[in-house]
Amino acid sequence: MSPLRALLVVALVVACKPSGTTSPTGGGAEDDEDVTLPAPGPIEEAGTLMARGKGEEALALLDDAIKKSPDDHELHYARGVALQSLGRGDEAITAWRDALARKPGFFPALNGIGAVELDAGRYEAAIDALNQAIAAKPDFPDARYNLALAYEGLGKIDEAIAAHEAAMKLAPGDLDVHLSLGALYLKKGDLARAREHADAALRLGEGDPAAARLSAQVLVREGKHAEAAAAYEAVVAAVPEDAEARLALARALIRAERPEAAIPHLERLAKERPDEAVIWSEWGGALTKLGKVDGPEGALARLDHALELKADLLSARVRRIAALTAGKRCKEARSAHAELVAAVADAREQADMALGSCAKGKGK
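Residues numbered from 1 in each chain as written. Predicted model: local features only at pLDDT ≥ 70, side-chain atom pairs only at ≥ 80, totals over all residues. Heavy atoms only, no water.

A closer look at the side chain of histidine 76
What counts is decided by this rule: Secondary structure elements are defined from DSSP: runs of H or I of at least 4 residues count as helices, runs of E of at least 2 residues count as strands, and each element is numbered from the N terminus. For every residue, the accessible area (1.4 Å probe, protein chains only) is compared with the maximum for its type, and the residue is labelled buried under 20%, exposed over 50%, or partly exposed between those bounds. Residues adjacent in sequence count toward polar contacts only when both atoms are side-chain atoms; beyond that, a polar contact is any pair of N or O atoms within 3.5 Å, and within protein one must be able to donate a hydrogen and the other to accept it. Two residues qualify as a contact provided that any one of their heavy atoms is within 4.5 Å of a heavy atom in the partner residue.
Within the element layout of this structure, histidine 76 appears in helix H4 (residues 73-85). What makes histidine 76 buried here is its relative accessible area of 6%. A polar side-chain atom of histidine 76 sits 2.8 Å from the main-chain carbonyl oxygen of proline 70. Sequence-distant contacts of histidine 76, defined by excluding residues within four places in its chain, comprise Ile66, Pro70, Ala95, Trp96, Asp98, Ala99 and Arg102.

Listed below in structure tokens is the structure:
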């Protein structure tokens, strides 16, 4: 799921714009170079403190201001932002409800409540607050974006898509919305729409790893593995520590008939995450394609280790049959095939394909 639209310090500017000021003569600043700027109010000071990572100081300043002006809804809203910045989400919700008690329908507070409820996984509560925010301000795209994430959290993909589409109409150049829509259409199997949003994300976020990742995911589903590998290479180049992207790159390279190029990535992953069976399974599959089946550094050794880590890993069991078949060890391949088919009925087709040339009883 995409990250929610976090409450930023800049939100204070949107919700709590300071009153405009003019020079004593009524002219602009260019008319009087000696005009003294007004002192910042508590909300502006709090925003500056939060921007500097001084959330506790911002909170104390706002608490003092509220004692003097307890009915100022903007101060209560700002207090909620300060609390949220300190990771005190439930207290932030209380502060925003205090703001709403003083000004019903205050949309930034409603969006704030929805965002915190969403972050906590309380999706129904998030949806309720966000729908109220949208009712109060229909042209507020962030609330629609967060609403889409809440629907997605409940598994309501169509509702999530509708909310994102509404957000996109308000903000057609929003990269995050295109990324989310692309991922949702991909989940639905609508590759044409997924590609449309992946291409838009690539245009809007030139060089952005998330855009390259989405494009790569669509390319995999389109069966364009060589192009997918190139896209994943861009992600890995930008974010070398992204293990998921590196594993996806290795898989794409193997499917693009470039197993030798996948090996270095799998070796690195095995060192970084030695207990993840799927990495050893992919490594074994790559080595099988290279004809390196036997020996301590061969495919079977890698696949056996994968099964030591996770005995029920279907991919490793299927690849082990394929490795035994490639090594002309047909008796063992048929035995492994029979064990797998007996254990997992729906693995029959994969197991039969892996058995390959040993299926008719040829070989030892």
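Structure's up, so let's keep going.
Quick word on the state of the cysteines
Any covalent bond linking the sulfur atoms of two cysteines counts as a disulfide. Test applied: Our working definition of a disulfide is a cysteine sulfur pair at a distance within 2.5 Å.
In total, this model carries 1 disulfide according to the counting rule given. One disulfide in the model links cysteine 330 with cysteine 358; its S-S distance is 2.1 Å. Between cysteine 330 and cysteine 358 the disulfide shows an S-S torsion of about -60°. By sign, it is left-handed. One end of the pair, cysteine 330, is in helix H19 (residues 330-343); the other, cysteine 358, is in the segment after helix H20 (348-355), and 28 residues separate them in sequence. Using a relative accessible area of 5% as the deciding quantity, one classes cysteine 330 as buried. A residue is classified by how much of its surface remains accessible, and cysteine 358, at 0% relative accessible area, is buried.

Quick word on helix H11 (residues 191-204)
Rules: The span one expects for a helix is its residue count, reduced by one, times 1.5 Å.
Between its first and last C-alpha atoms H11 spans 20 Å; for 14 residues at 1.5 Å apiece the expected length is 20 Å, and the two agree. All of the buried residues along H11 are Ala194, Arg195, His197, Ala198, Ala200 and Ala201. Those residues of H11 hidden inside the fold are in contact with helix H9 (157-170), helix H10 (175-188) and helix H12 (209-221).

A word on the packing of aromatic side chains
The geometry of an aromatic ring pair comes down to the distance between the two centres and the angle between the two planes. In plain terms, the rule: When the centres of two rings from Phe, Tyr and Trp lie within 6.5 Å, Trp using its six-membered ring, the rings pair. Their planes under 30 degrees apart give stacked, over 60 give edge-to-face, and anything left gives tilted.
Taken as a whole and judged by the stated rule, the model has 4 aromatic pairs. On the basis of an interplanar angle of 90° and a centroid distance of 5.7 Å, the ring pair of tyrosine 77 and phenylalanine 106 is categorised as edge-to-face. In this pair, tyrosine 77 sits in helix H4 while phenylalanine 106 sits in the loop between helix H5 (89-102) and helix H6 (107-119), placing the two residues 29 residues apart along the sequence. Side by side, tyrosine 77 and phenylalanine 106 carry an identical accessibility label, which is buried.

Focus on the pattern of salt bridges
Put simply, the test is: Just to be clear on terms, a salt bridge is a Lys or Arg side-chain nitrogen sitting within 4 Å of an Asp or Glu carboxyl oxygen.
Inspection of the entire model under this criterion finds 26 salt bridges. Here aspartate 139 and lysine 137 are joined by a salt bridge, their closest N and O atoms 3.2 Å apart. The class for aspartate 139 is partly exposed, based on a relative accessible area of 45%. Using a relative accessible area of 27% as the deciding quantity, one classes lysine 137 as partly exposed. Lysine 224 is the partner of glutamate 222 in a salt bridge, and the nearest nitrogen-oxygen pair spans 3.8 Å.

Topic: the packing of helix H18 (residues 314-326) against H19
To be explicit about the condition: Angles shown run from 0 to 180 degrees and are taken between the N-to-C directions of axes, each axis being a line fitted to C-alpha atoms and, for helices, limited to the stretch in contact. In these notes the angle categories are as follows: under 35 degrees is roughly parallel, over 145 is roughly antiparallel, 65 to 115 is roughly perpendicular, and the rest is oblique. Note on convention: the crossing is left-handed when the near helix lies turned anticlockwise from the far helix by less than a right angle, right-handed when the turn is clockwise. Under the scheme applied here, ten amino acids are nonpolar (Ala, Val, Leu, Ile, Met, Phe, Trp, Tyr, Cys and Pro), four are charged (Asp, Glu, Lys and Arg), and all others, including Gly, are polar.
Between H18 and H19, whose axes approach to 8 Å, the crossing angle comes to 155°. Of the possible angle classes, the one that applies to H18 and H19 is roughly antiparallel. Judged by the twist between their axes, the crossing of H18 over H19 is left-handed. Of the residues in H19, those in contact with Leu314, Arg317, Val318, Arg320, Ile321, Leu324 and Thr325 of H18 are Glu332, Ala333, Ala336, His337, Glu339, Leu340 and Ala343. The residue makeup of the contact of H18 with H19, split by class, is 8 nonpolar, 2 polar and 4 charged.

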